[in-house]
Amino acid sequence: MPLIPSTLVLASRVTLEAPRRTALDTNDRTEWALVADLVLTGKAQRFPVDYAFGVYNLFDWRYSLPVNPFPAPVMPQAGRTFLASALGSSLLSKRESAGGRDRRASLPFGRRAG
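Residues numbered from 1 in each chain as written. Predicted model: local features only at pLDDT ≥ 70, side-chain atom pairs only at ≥ 80, totals over all residues. Heavy atoms only, no water.

Peer 1: Mind showing me how you'd approach the packing of aromatic side chains here?
Peer 2: Two descriptors summarise a pair of aromatic rings, namely the distance from one centre to the other and the angle between the planes of the rings. The tally for this structure, following the rule as stated, stands at 1 aromatic pair. Measuring from ring centre to ring centre gives 6.0 Å for Tyr51 and Phe53, while their planes differ by 40°; the resulting arrangement is tilted. Exposure remark for Tyr51: the relative accessible area of 19% places this residue in the buried category. (Phe/Tyr/Trp six-rings, centres within 6.5 Å; stacked < 30°, edge-to-face > 60°. Buried < 20%, exposed > 50% of the residue type's maximum accessible area, 1.4 Å probe, protein only.)

Next up, the structure:
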């Protein structure tokens, strides 16, 4: 959902983890869990930087998933975690060569840009 067009976007995901059997030879089950994630992403207007800030498992729901055939029947999942990232790109325009061709696209196949 764009909050500020071309600058800030809100993404969300909600997952319902239903009870699952932990082994075929027992009726033990995992518990219900409702896991929500929120991430803000965008591009800085003045600088060539893409960014993301987010929270996974927003409500800090504690739950486990079945992992048979490992020594433990369930694996506890992480509680609330945070994400922060920034990815910068070259200050030079992609279309800086004469004729407006993308310089990266003109490299011979298999040769690395240096």
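Peer 1: Would you take a moment to explain the pattern of salt bridges for this structure?
Peer 2: Applying the stated criterion across every chain yields a total of 4 salt bridges. Between Asp37 and Arg13 there is a salt bridge; the shortest N-O distance is 2.6 Å. Placement of Asp37 in strand β3 (residues 33-43) and of Arg13 in strand β2 (residues 8-17) is noted, with a sequence separation of 24 residues between them. Take Arg13: its relative accessible area is 49%, and that puts it in the partly exposed class. Residue Lys43 is joined to Asp50 by a salt bridge in which the shortest nitrogen-to-oxygen separation is 3.0 Å. Of the residues examined, Lys43 reaches a relative accessible area of 46% and is grouped as partly exposed. (Salt bridge = Lys/Arg side-chain N within 4 Å of Asp/Glu carboxyl O. Helix = DSSP H or I, 4+ residues; strand = E, 2+ residues; numbered from the N terminus.)

Peer 1: What is the right way to read the sheet that holds strand β4 (residues 49-56) from this model?
Peer 2: Think of a sheet as strands paired side by side through backbone hydrogen bonds, with each pair either parallel or antiparallel. Read across the sheet, 5 strands follow the order β1-β2-β3-β4-β7 without closing on themselves; strand pairing throughout is antiparallel. The open sheet has two free edges, formed respectively by β1 (2-4) and β7 (81-88), since each of these has just one partner strand. In this sheet, adjacent strand axes meet at a mean angle of 15° when their direction is disregarded. (Pairing = 2+ DSSP bridges. Axes fitted to C-alpha atoms, helices over the stretch in contact; angles between N-to-C directions.)

Peer 1: Looking at this structure, I do not really get the side chain of Thr22. What am I missing?
Peer 2: Within the secondary structure, Thr22 sits in the loop between β2 and β3. You can call Thr22 buried: its relative accessible area is 7%. Ignoring anything within four residues of it in the chain, the contact list for Thr22 reads Asp28, Arg29, Thr30, Pro66, Asn68, Pro73 and Val74. (Contact = heavy atoms within 4.5 Å.)

Structural measurements only, silent on function.
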